[in-house]
Amino acid sequence: MEDLKVAYLQQDIVWNDKQKNFENIENILSSTTEHFDLLVLPEVFATGFGNDILEMAEPIYSDTYMFMSRIAQKYSAVVVGSCFCSAGDDCYNRLYWVFPDGQNGYYDKRHLFRIGSEYKMLQKGTTNQVFEIKGWKVAPFICYDLRFPVWMRNSFNDTFAYDLALVVASWPARRANVWKQLLVARAIENMSYVVGVNRIGKDI
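Keep in mind it's a predicted model, so treat the numbers as computed, not measured. (Residues numbered from 1 in each chain as written. Predicted model: local features only at pLDDT ≥ 70, side-chain atom pairs only at ≥ 80, totals over all residues. Heavy atoms only, no water.)

### Topic: helix H3 (residues 63-75)
Taking 1.5 Å per residue as the helical rise, H3 with its 13 residues ought to reach 18 Å, and the 19 Å between its terminal C-alpha atoms agrees with that figure. Taken together, the buried residues of H3 touch helix H1 (18-30), strand S2 (38-40), strand S3 (58-59), strand S4 (78-87), strand S5 (90-98) and strand S6 (104-108). Directly after H3, the chain includes serine 76, whose backbone phi takes a positive value near 50°. (Helix = DSSP H or I, 4+ residues; strand = E, 2+ residues; numbered from the N terminus. Expected span 1.5 Å × (residues − 1). Contact = heavy atoms within 4.5 Å.)

Here it is as C-alpha coordinates:
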(Lines give C-alpha, C1' and ligand atoms only; values in the text may rest on other atoms or scores of the structure.)
Protein backbone atom coordinates (compact mmCIF):
# COMPACT_ATOMS: atom_id res chain seq x y z
CA MET A 1 0.00 0.00 0.00
CA GLU A 2 1.43 3.37 -1.07
CA ASP A 3 0.64 6.84 0.23
CA LEU A 4 -2.64 8.03 -1.29
CA LYS A 5 -3.28 11.75 -1.77
CA VAL A 6 -7.01 12.49 -1.88
CA ALA A 7 -8.46 15.79 -3.09
CA TYR A 8 -12.13 16.63 -2.60
CA LEU A 9 -14.05 19.49 -4.12
CA GLN A 10 -17.22 20.78 -2.46
CA GLN A 11 -18.52 23.35 -4.94
CA ASP A 12 -21.74 25.38 -4.89
CA ILE A 13 -23.57 23.55 -7.69
CA VAL A 14 -25.31 25.72 -10.28
CA TRP A 15 -28.80 24.35 -10.76
CA ASN A 16 -29.09 22.18 -13.89
CA ASP A 17 -26.19 23.84 -15.72
CA LYS A 18 -23.62 21.17 -16.49
CA GLN A 19 -21.29 23.34 -18.52
CA LYS A 20 -21.11 26.01 -15.81
CA ASN A 21 -20.43 23.40 -13.14
CA PHE A 22 -17.73 21.79 -15.28
CA GLU A 23 -16.16 25.21 -15.84
CA ASN A 24 -16.21 26.00 -12.11
CA ILE A 25 -14.48 22.72 -11.27
CA GLU A 26 -11.80 23.28 -13.89
CA ASN A 27 -11.18 26.79 -12.58
CA ILE A 28 -10.70 25.52 -9.06
CA LEU A 29 -8.38 22.73 -10.17
CA SER A 30 -6.29 25.08 -12.30
CA SER A 31 -5.64 27.25 -9.25
CA THR A 32 -3.65 24.54 -7.47
CA THR A 33 -0.24 23.06 -8.17
CA GLU A 34 -0.73 20.22 -5.69
CA HIS A 35 -0.66 16.71 -7.13
CA PHE A 36 -3.43 14.31 -6.12
CA ASP A 37 -4.08 10.63 -6.82
CA LEU A 38 -7.84 10.67 -6.27
CA LEU A 39 -10.33 13.50 -6.84
CA VAL A 40 -13.76 13.15 -5.22
CA LEU A 41 -16.70 15.29 -6.39
CA PRO A 42 -20.12 15.62 -4.67
CA GLU A 43 -23.28 13.71 -5.47
CA VAL A 44 -24.85 14.82 -8.79
CA PHE A 45 -22.20 17.54 -9.04
CA ALA A 46 -23.09 18.42 -12.64
CA THR A 47 -26.76 19.29 -12.11
CA GLY A 48 -27.76 19.39 -8.45
CA PHE A 49 -30.95 17.79 -7.15
CA GLY A 50 -34.58 18.54 -8.00
CA ASN A 51 -37.95 17.05 -8.81
CA ASP A 52 -37.18 16.65 -12.52
CA ILE A 53 -34.59 13.90 -12.08
CA LEU A 54 -35.73 12.01 -15.17
CA GLU A 55 -35.24 15.10 -17.33
CA MET A 56 -31.73 15.56 -15.90
CA ALA A 57 -30.73 11.95 -16.54
CA GLU A 58 -28.16 11.40 -19.25
CA PRO A 59 -27.21 8.28 -21.21
CA ILE A 60 -24.45 5.99 -19.97
CA TYR A 61 -20.98 7.44 -20.48
CA SER A 62 -22.35 10.76 -21.69
CA ASP A 63 -21.52 14.40 -20.75
CA THR A 64 -20.67 13.99 -17.07
CA TYR A 65 -18.66 10.83 -17.60
CA MET A 66 -16.74 12.39 -20.50
CA PHE A 67 -15.91 15.43 -18.35
CA MET A 68 -14.64 13.19 -15.56
CA SER A 69 -12.58 11.19 -18.05
CA ARG A 70 -10.99 14.36 -19.41
CA ILE A 71 -10.10 15.56 -15.90
CA ALA A 72 -8.69 12.13 -15.00
CA GLN A 73 -6.41 12.20 -18.03
CA LYS A 74 -5.36 15.82 -17.54
CA TYR A 75 -4.35 15.35 -13.90
CA SER A 76 -3.30 11.69 -14.08
CA ALA A 77 -5.67 10.88 -11.25
CA VAL A 78 -8.75 8.78 -10.55
CA VAL A 79 -11.92 10.92 -10.56
CA VAL A 80 -15.09 9.98 -8.65
CA GLY A 81 -18.54 11.60 -8.70
CA SER A 82 -22.19 10.79 -9.38
CA CYS A 83 -24.86 11.78 -11.86
CA PHE A 84 -28.38 10.75 -12.86
CA CYS A 85 -27.89 8.06 -15.48
CA SER A 86 -30.42 6.43 -17.79
CA ALA A 87 -29.72 2.80 -18.64
CA GLY A 88 -32.37 1.34 -20.91
CA ASP A 89 -35.75 1.93 -19.30
CA ASP A 90 -34.25 2.54 -15.86
CA CYS A 91 -32.61 5.53 -14.22
CA TYR A 92 -29.97 5.45 -11.48
CA ASN A 93 -28.00 7.76 -9.25
CA ARG A 94 -24.70 6.41 -10.55
CA LEU A 95 -21.23 7.02 -9.18
CA TYR A 96 -18.50 6.70 -11.79
CA TRP A 97 -14.96 5.69 -10.88
CA VAL A 98 -12.75 6.88 -13.77
CA PHE A 99 -9.09 6.00 -14.23
CA PRO A 100 -6.76 8.26 -16.27
CA ASP A 101 -6.11 5.44 -18.76
CA GLY A 102 -9.81 5.24 -19.65
CA GLN A 103 -10.73 2.26 -17.51
CA ASN A 104 -13.79 2.77 -15.34
CA GLY A 105 -16.32 1.27 -12.99
CA TYR A 106 -19.50 2.40 -11.28
CA TYR A 107 -21.67 2.04 -8.20
CA ASP A 108 -25.44 2.67 -8.15
CA LYS A 109 -26.95 4.26 -5.05
CA ARG A 110 -28.64 1.57 -2.98
CA HIS A 111 -30.80 3.59 -0.55
CA LEU A 112 -33.09 6.11 -2.23
CA PHE A 113 -34.34 9.05 -0.19
CA ARG A 114 -38.08 8.61 0.33
CA ILE A 115 -38.75 12.14 1.65
CA GLY A 116 -37.43 13.56 -1.62
CA SER A 117 -39.40 10.98 -3.67
CA GLU A 118 -36.13 9.76 -5.16
CA TYR A 119 -37.44 6.21 -4.93
CA LYS A 120 -40.28 7.04 -7.34
CA MET A 121 -37.92 8.03 -10.15
CA LEU A 122 -34.80 5.93 -9.67
CA GLN A 123 -33.91 2.26 -9.48
CA LYS A 124 -31.82 1.26 -6.49
CA GLY A 125 -28.45 -0.42 -6.88
CA THR A 126 -28.06 -4.03 -5.85
CA THR A 127 -24.34 -4.57 -5.22
CA ASN A 128 -21.48 -3.05 -3.29
CA GLN A 129 -18.30 -2.21 -5.19
CA VAL A 130 -14.66 -2.02 -4.16
CA PHE A 131 -12.04 -0.36 -6.38
CA GLU A 132 -8.28 -0.35 -6.00
CA ILE A 133 -5.80 2.50 -6.26
CA LYS A 134 -2.16 2.40 -5.17
CA GLY A 135 -2.82 -0.72 -3.10
CA TRP A 136 -5.83 0.83 -1.32
CA LYS A 137 -9.21 -0.86 -1.47
CA VAL A 138 -11.89 1.82 -1.73
CA ALA A 139 -15.65 1.34 -1.33
CA PRO A 140 -17.91 4.13 -2.68
CA PHE A 141 -21.33 5.06 -1.29
CA ILE A 142 -23.85 7.80 -2.03
CA CYS A 143 -25.50 10.11 0.51
CA TYR A 144 -28.44 8.28 2.18
CA ASP A 145 -26.44 5.02 2.11
CA LEU A 146 -24.58 6.51 5.07
CA ARG A 147 -27.57 5.88 7.35
CA PHE A 148 -27.44 2.11 6.76
CA PRO A 149 -24.55 0.54 8.68
CA VAL A 150 -25.30 -3.00 7.52
CA TRP A 151 -24.93 -1.94 3.87
CA MET A 152 -21.60 -0.25 4.62
CA ARG A 153 -20.34 -3.09 6.83
CA ASN A 154 -16.68 -3.89 6.22
CA SER A 155 -16.19 -7.65 6.06
CA PHE A 156 -13.03 -9.35 7.31
CA ASN A 157 -11.51 -12.55 5.95
CA ASP A 158 -7.75 -12.41 6.67
CA THR A 159 -7.92 -8.79 5.44
CA PHE A 160 -10.65 -6.14 5.41
CA ALA A 161 -12.79 -5.80 2.30
CA TYR A 162 -11.95 -2.09 2.10
CA ASP A 163 -9.50 0.37 3.63
CA LEU A 164 -11.33 3.57 2.72
CA ALA A 165 -15.02 4.40 2.33
CA LEU A 166 -16.01 7.33 0.11
CA VAL A 167 -19.38 8.99 0.65
CA VAL A 168 -20.47 11.59 -1.92
CA ALA A 169 -23.54 13.55 -0.88
CA SER A 170 -25.99 16.39 -1.23
CA TRP A 171 -26.76 16.47 2.49
CA PRO A 172 -28.84 19.39 3.88
CA ALA A 173 -27.22 21.95 6.16
CA ARG A 174 -29.87 21.54 8.88
CA ARG A 175 -28.72 17.95 9.32
CA ALA A 176 -25.00 18.74 9.18
CA ASN A 177 -24.38 17.44 12.69
CA VAL A 178 -25.96 14.10 11.80
CA TRP A 179 -23.78 13.92 8.67
CA LYS A 180 -20.61 14.45 10.68
CA GLN A 181 -21.58 12.00 13.42
CA LEU A 182 -22.51 9.25 10.98
CA LEU A 183 -19.23 9.61 9.08
CA VAL A 184 -17.34 9.15 12.34
CA ALA A 185 -19.53 6.21 13.36
CA ARG A 186 -18.97 4.39 10.05
CA ALA A 187 -15.21 4.89 10.39
CA ILE A 188 -15.14 3.50 13.94
CA GLU A 189 -17.36 0.48 13.39
CA ASN A 190 -15.65 -0.52 10.12
CA MET A 191 -12.08 0.23 11.26
CA SER A 192 -11.49 2.17 8.05
CA TYR A 193 -10.78 5.65 6.82
CA VAL A 194 -13.83 7.58 5.62
CA VAL A 195 -13.95 10.56 3.24
CA GLY A 196 -17.28 12.41 3.04
CA VAL A 197 -17.77 15.00 0.28
CA ASN A 198 -20.88 17.13 0.41
CA ARG A 199 -22.01 20.01 -1.78
CA ILE A 200 -21.99 23.57 -0.40
CA GLY A 201 -24.11 26.65 -1.05
CA LYS A 202 -27.85 26.74 -1.67
CA ASP A 203 -30.00 24.28 -3.58
CA ILE A 204 -33.35 25.23 -5.10
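There's more to say after this.
### With respect to the packing of aromatic side chains
Two descriptors summarise a pair of aromatic rings, namely the distance from one centre to the other and the angle between the planes of the rings. Within this structure, the stated rule accounts for 17 aromatic pairs. Between tryptophan 136 and tyrosine 193, the aromatic rings sit 5.6 Å apart at their centres with planes inclined by 55°, giving tilted as the arrangement. With a gap of 57 residues between them, tryptophan 136 in strand S8 (residues 136-142) and tyrosine 193 in strand S12 (residues 193-198) connect regions that are remote in the sequence. Note on tyrosine 193: relative accessible area 57%, which makes it exposed. Taken together, the ring pairs connect Phe22, Phe45 and Phe67 into an aromatic cluster. The cationic tip of arginine 94 hangs over the ring face of tyrosine 92; the distance from NZ or CZ to the ring centre is 5.2 Å. (Phe/Tyr/Trp six-rings, centres within 6.5 Å; stacked < 30°, edge-to-face > 60°. Buried < 20%, exposed > 50% of the residue type's maximum accessible area, 1.4 Å probe, protein only. Lys NZ or Arg CZ within 6 Å of the ring centre and 35° of its normal.)

### What about the side chain of arginine 94?
Inspection of the secondary structure puts arginine 94 in strand S5. For arginine 94, the side chain forms a polar contact with the side chain of aspartate 108, separated by 2.7 Å. When neighbours within four sequence positions are excluded, arginine 94 is seen to be in contact with Ile60, Gly81, Ser82, Cys83, Cys85, Tyr106, Tyr107, Asp108 and Ile142. (Polar contact = N/O pair within 3.5 Å; in protein donor to acceptor, adjacent residues only side chain to side chain.)

### Considering the packing of H1 against H3
Between H1 and H3, the least distance of the axes is 11 Å, while the angle of their chain directions is 15°. The orientation of H1 with respect to H3, classified from their angle, is roughly parallel. Where H1 crosses over H3, the handedness of that crossing is right-handed. Residues Lys18, Phe22, Ile25, Glu26, Leu29 and Ser30 of H1 pack against Asp63, Thr64, Phe67, Arg70, Ile71, Lys74 and Tyr75 of H3. (Axes fitted to C-alpha atoms, helices over the stretch in contact; angles between N-to-C directions. Parallel < 35°, antiparallel > 145°, perpendicular 65-115°, else oblique. Left-handed = near helix turned anticlockwise from the far one by under 90°.)

### Concerning the side chain of serine 82
For serine 82, the location among the structural elements is in strand S4. Take serine 82: its relative accessible area is 0%, and that puts it in the buried class. At a separation of 2.8 Å, a polar atom in the side chain of serine 82 contacts the main-chain amide nitrogen of valine 44. The contacts of serine 82, once residues within four sequence positions are left out, are Pro42, Glu43, Val44, Phe45, Asn93, Arg94, Leu95, Ile142 and Val168.

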